[in-house]
Amino acid sequence: MRFCVAPARQGGNDQPGWRVAERSRWGSEMLEIVTEAQIAAPPAKVWAVLTDFERYAQWHPWLAIRGVAAPGATVDCSLGVLRRRQIYSTDAQIKDFRDRALLSWEFGIRRVFVMEERFSIEQIGSGSSVRHSLKCRGLLVVLLGRAMRKRIDHLLRSADYALAGRLGEQRPVSPPVSPPLSFLVFLLPFYSPFFLSE
């Protein structure tokens, strides 16, 4: 699955904008969907938005985070749909944290269902290349991976659209509708702080 949304042209010249290429990968125990965007915002600006957890609820369509962005930190993630109403909270652990370059966290129950969200940032000229992914693994992926792919894709794209707006970028697509409530409710029994145990 691939698509590309090119930036708008003004006066015959390409202007900076949110250009997105997407791919998905599905295996026996893992599902991953990745978007890559070339944007005008420098890495420092992108990093500032992504690590300002206290303001996630102001722009992110389905996630709020409380806690400090730091290596190995445990933070509280709240999933919300239907006009940002919170429907569930769980602990998440920051797995990767490299200043202005890499940020990821994960939550779930080990071997049953774990979701990881990751942002990679690379400087391209005066702007940035931002790679955003959602990766799911565990027994539920084995059983329902193909059925979950479209809904995971929906969550990823809705977050990309909101991030573009927060950064003041040309947005890649028309605004997605709220993430499917049925999908998030389905996952609720599998969100748990116990995934932190190895």
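About the cut-offs
Residues numbered from 1 in each chain as written. Predicted model: local features only at pLDDT ≥ 70, side-chain atom pairs only at ≥ 80, totals over all residues. Heavy atoms only, no water. Helix = DSSP H or I, 4+ residues; strand = E, 2+ residues; numbered from the N terminus. Contact = heavy atoms within 4.5 Å. Polar contact = N/O pair within 3.5 Å; in protein donor to acceptor, adjacent residues only side chain to side chain. Salt bridge = Lys/Arg side-chain N within 4 Å of Asp/Glu carboxyl O. Buried < 20%, exposed > 50% of the residue type's maximum accessible area, 1.4 Å probe, protein only. Core = buried A, V, L, I, M, F, W, Y, C linked by side-chain atoms within 4.5 Å. Phe/Tyr/Trp six-rings, centres within 6.5 Å; stacked < 30°, edge-to-face > 60°. pLDDT = per-residue confidence, 0-100. Arc of directions from axis to C-beta.

A. Spotlight on the overall build of the protein chain. Counting its regular elements, the protein chain contains four helices and eleven strands. Across the protein chain, every contact between residues at least 6 apart in sequence was considered, and the portion connecting residues at least 24 apart equals 52%.

B. Layout of the side chain of Ser-129. By the secondary structure assignment, Ser-129 is in strand β11 (residues 127-137). A distance of 3.3 Å separates the side chain of Ser-129 from the side chain of Gln-38, its partner in a polar contact. Beyond its immediate chain neighbours, meaning those up to four positions away, Ser-129 contacts Ala-37, Gln-38, Ser-120, Ile-121, Glu-122 and Ile-124.

C. View of the pattern of salt bridges. Taken as a whole and judged by the stated rule, the model has nine salt bridges. For Arg-131, the salt bridge goes to Glu-36, with nearest N and O atoms at 3.9 Å. With Arg-131 in strand β11 and Glu-36 in strand β5 (residues 30-39), the pair connects residues that are 95 residues apart, well separated along the chain. As a salt-bridge pair, Arg-118 and Glu-116 come within 3.2 Å of each other at their nearest N and O atoms. The class for Glu-116 is buried, based on a relative accessible area of 8%. Here the residues in one salt-bridge network are Lys-95, Glu-106 and Arg-137, joined through shared partners.

D. Quick peek at unusual backbone geometry. The phi dihedral of Arg-100 is positive, around 60°, even though this residue is not glycine. Summarising the element assignment, Arg-100 is placed in the loop between β8 (85-98) and β9 (102-109). Not every positive phi belongs to a glycine, and Arg-111 is a case in point at roughly 75°. Among the secondary structure elements, Arg-111 is positioned in the loop between β9 and β10 (113-124). For Arg-111, a relative accessible area of 65% gives the class exposed.

E. Broad picture of the environment of Arg-149. Along the chain, Arg-149 falls in helix α3 (residues 139-166). Since its relative accessible area comes to 31%, Arg-149 is described here as partly exposed. Along the primary structure Arg-149 and Cys-136 are separated by 13 residues, whereas in three dimensions their C-alpha atoms are 9.7 Å apart.

F. Representation of the nonpolar core. If you look at the biggest cluster of nonpolar residues, it comprises 42 residues, and the most contacted ones within it are Phe-53 and Trp-105. Among all residues touching Trp-105, those that are not within four sequence positions of it are Phe-53, Tyr-56, Leu-63, Ile-65, Ala-92, Gln-93, Ile-94, Lys-95, Met-115, Glu-116, Glu-117 and Phe-119.

G. The arrangement of the packing of aromatic side chains in detail. Going through the model one piece at a time under the given rule, you end up with six aromatic pairs. Ring plane angle 55° and centroid distance 5.0 Å describe the contact between Tyr-56 and Trp-59, whose orientation is recorded as tilted. Of this pair, Tyr-56 and Trp-59 both sit in helix α2 (residues 56-59), three residues apart, which is roughly one turn of that helix. Judged by its relative accessible area of 8%, Trp-59 falls in the buried class. Taking 6.2 Å as the distance between ring centres and 65° as the angle between the ring planes, the aromatic pair formed by Tyr-56 and Trp-105 counts as edge-to-face. Of the two residues, Tyr-56 is situated in helix α2 and Trp-105 in strand β9; the sequence distance between them amounts to 49 residues. The pair formed by Tyr-56 and Trp-105 is uniform in burial state, with each residue classed as buried.

H. Quick peek at the confidence of the model for the protein chain. Taken as a whole, the protein chain shows an average pLDDT of 75; of its residues, 68% reach a score of 70 or greater. When pLDDT is averaged over each helix and strand of the protein chain, the minimum, 30, is found for strand β1 (residues 4-5) and the maximum, 97, for helix α1 (residues 43-51). Low pLDDT, under 50, characterises residues 177-182; the predicted model gives this stretch 15 contacts beyond four residues in sequence or across chains.

I. Spotlight on α1. Among the residues of α1, those classed as buried are Pro-43, Val-46, Trp-47, Val-49 and Leu-50. The buried side chains of α1 occupy one side of the element, clustering within an arc of 165° when seen end-on.

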